[in-house]
Amino acid sequence: MIGLISATAAGAAARDRLATAWPTRTRVYDGPVADAVRRAFAECDQLVCFLATGAVVRLVAPLLADKRTDPGVVCVDEAGRFAVSLVGGHAGGANELAREVGDLLAAEPVVTTASDAVGVPGLDTLGLPVEGDVAGVSRAMLDGEPVVLERESGWPLPALPPNVGSPAEPGAAVLRVSDRVREAAAREAVLRPPSLVVGVGASRGAPVDEVLGLVEDALREAGLSVRSVAELATVEAKSGEPGIVGAAERLGVPVVTYGAGELAAVTVPNPSGAPLGAVGTPSVAEAAALIGGGELLVPKRKSARADGQPAMATCAVVRRPARGRLAVVGLGPGARDLLTPRATAELRRAAVLVGLDQYVDQIRDLLRPGTLILESGLGAEEERARTAVAEARRGQAVALIGSGDAGVYAMASPALAEASDDIDVVGVPGVTAALAAGAILGAPLGHDHVSISLSDLHTPWEVIERRVRAAAEADIVVTFYNPRSRGRDWQLPKALAVLAEHREPATPVGVVRNASRPDESSRVTTLGSLDPGIVDMMTVVTVGNTATREIAGRMVTPRGYRWQKEAE
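A short tour of the structure in this document, coming up. From a predicted model like this one, the values you see are computed outputs, not experimental measurements.

With respect to the overall build of the protein chain
In terms of regular secondary structure, the protein chain is built from 19 helices and 28 strands. Once the C-alpha set of the protein chain is aligned to its principal axes, its extents read approximately 85 × 65 × 55 Å. Counting across all 568 residues of the protein chain, residues that qualify as buried make up 47%. Counting only contacts in the protein chain whose residues sit at least 6 apart along the sequence, the fraction spanning at least 24 positions is 66%. Counting only carbon and sulfur atoms, one obtains 51% of the accessible surface of the protein chain, whose full area is about 26,100 Å². If the 57 positive side-chain charges of the protein chain are averaged to one point and the 69 negative ones to another, these points end up 1 Å apart.

Thoughts on the pattern of salt bridges
Side chains that differ in charge, positive against negative, can pair when their charged atoms come close. Tallying each qualifying case throughout the model produces 33 salt bridges. The salt bridge involving Glu 145 is made with Arg 187; its shortest N-O contact spans 2.7 Å. Within this pair, whereas Glu 145 is found in the loop between helix 6 (134–142) and strand 8 (147–151), its partner Arg 187 is found in the loop between strand 9 (173–177) and strand 10 (188–191), the two being separated by 42 residues in sequence. Residue classification places Glu 145 among the partly exposed residues on the basis of a relative accessible area of 30%. By relative accessible area, Arg 187 is classed as partly exposed at 28%. Glu 295 serves as the salt-bridge partner of Arg 319, at 3.4 Å between the closest nitrogen and oxygen. With Arg 319 in strand 15 (residues 313–319) and Glu 295 in strand 14 (residues 295–302), the pair connects residues that are 24 residues apart, well separated along the chain. A relative accessible area of 43% means that Glu 295 is categorised as partly exposed. Through salt bridges with shared partners, one network takes in Glu 150, Glu 152, Arg 176, Arg 182 and Glu 188.

Focus on the side chain of Glu 188
The residue Glu 188 is located in strand 10 in this model. Apart from residues no more than four positions distant in its own chain, Glu 188 is found in contact with Glu 131, Gly 132, Asp 133, Val 137, Val 174, Arg 176 and Arg 182.

Some remarks on helix 14 (residues 381–393)
Taking 1.5 Å of rise per residue, the 13 residues of helix 14 would be expected to cover 18 Å, and the 19 Å separating its terminal C-alpha atoms lies within 8% of that figure. Turning to helix 14, the residues buried within the fold contact strand 16 (325–330), strand 17 (352–356), strand 18 (372–376), strand 19 (397–402) and helix 15 (412–418).

Considerations on the packing of aromatic side chains
Applying the stated criterion across every chain, the model contains two aromatic pairs. Ring centres of Tyr 409 and Tyr 481 lie 4.7 Å apart, and the angle between their planes is 50°; this geometry places the pair in the tilted category. Highlighted residues: Tyr 409 in the loop between strand 19 and helix 15 and Tyr 481 in strand 23 (residues 477–481), separated in sequence by 72 residues. Tyr 481 sits in the buried class, given a relative accessible area of 10%. For the ring pair Trp 461 and Trp 490, a centre distance of 5.1 Å and an interplane angle of 70° mean the geometry is edge-to-face.

Overview of the sheet that holds strand 19
Reading across the sheet, the five strands line up as 18-17-19-16-20 and stay open at both edges, with parallel pairing between neighbours. Of all the strands in the sheet, the pair left with one neighbour each is strand 18 and strand 20 (424–428). Across the sheet, the mean angle separating the axes of adjacent strands is 15° when strand polarity is ignored. Taken together, the five bridges between strand 16 and strand 20 define a ladder with parallel strand orientation.

Conventions used here
Residues numbered from 1 in each chain as written. Predicted model: local features only at pLDDT ≥ 70, side-chain atom pairs only at ≥ 80, totals over all residues. Heavy atoms only, no water. Helix = DSSP H or I, 4+ residues; strand = E, 2+ residues; numbered from the N terminus. Buried < 20%, exposed > 50% of the residue type's maximum accessible area, 1.4 Å probe, protein only. Contact = heavy atoms within 4.5 Å. Areas by Shrake-Rupley, 256 points an atom, 1.4 Å probe, with all protein chains shown as cover. Lys, Arg positive; Asp, Glu negative; His and termini not counted. Charge placed at Lys NZ, Arg CZ, Asp CG, Glu CD. Salt bridge = Lys/Arg side-chain N within 4 Å of Asp/Glu carboxyl O. Expected span 1.5 Å × (residues − 1). Phe/Tyr/Trp six-rings, centres within 6.5 Å; stacked < 30°, edge-to-face > 60°. Pairing = 2+ DSSP bridges. Axes fitted to C-alpha atoms, helices over the stretch in contact; angles between N-to-C directions.

Shown next as structure tokens:
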């Protein structure tokens, strides 16, 4: 929860804008400012104070206890010009909150954390728990000193500065990636990858403390870190068992369940007749932990009860294999404000970026220092897809970029055709050219619509024409991608002629070039008047259906046909 505090009418107005935009995330604190800050600090994860920074410093200073647990605090000035990350930049999330507040209020986010200021990732922003001398290793990274990277786990990491991964030398800082418990040495920080799966079985009514104690004892005795546990896995019949659910909540991990038939198919070293009779599988703990593959580090063990009664819980621990990660990212039509926050986050997460050179140029400034950029020119789509998948198979965190939505005439399909189940694949949607053009034209896509590419480089023209004819006969709005180039100048006139067999010459047609970019241009014309010569590969052409109208210079396709009948 984000606490909102203000002292003046101007501050209250900006405060209320946040409260309206984030109704489930925020809580307004009224009353005397000092009391409001104290209450919000105790009750909320973050604060946004519409006050001078000096005032907030004096108010929160007596409340500060530990940067790992204190809420993040952001200050917004009276004029709404700046959103300042004041306290808890990383651990409290104030840096990211300042950026979010800035986006919403059109204020400039002010982030002074050293790592953020120079673009070097803070160790506590990599998405993994971190322990040890975090400050010392972070300082070495910032100062460009050699930092040794020791990866006991091959978990994919974001891009790290070039000085991380240097050869070992006496006294050098060390960044270790490990799920094993060991006391960190001086100038050593340990990143905890989510590499451990704990399979759990429990009798009905098993206490939370018994389940949790069993898990913690098993990890401790095996020398494994509880902070590397990714999930508790069990059989579907136990998905709501309070002891398992409560243990997962205390560990801060999800409960993942599998059907009894799935678990019965897993070969385990210690099957038993008891779970077979109870839930339909000879193993719960070991099978649930092993179902995704990996190394069995702790075979099935039972809980020990102080009262001498039979054990009510079992567990097993597996280290799952590290898998590379491929994010297929849609960049949108070109304008930076149409690039989604999720896409930005994936670009920041990637250690390797693969893309068309002109698309890389659009987002180069968003990448972390140290990101490996593999760019190529037009016509190399399959090569880029193969390269991205190969890098992910090497255990890297990879972003493969495309314009618009990566799944629409872009990189997702060749990449997924190349990929198998040995890597994790994440799709990040983007604003498509059809949507961007539609918003410029008005509302041409208000009813059923279809997108058709007129490029016959990969699809025979006979197939394309058949699809255009089907759309024409079905009275569907059509958006043409790749409509015309210097080497393909006859396909668009042919497609328009097919549509003209079923639509009047007065049918509205929208033509948008470079949608959302600085040199954007658009016009609304008609099917009978469109000059194909004004169209090129940077253009999207949208042809209305028989219900589409031009109203005040905008294309409008009504959601139903009743409006059309009433107008006749």
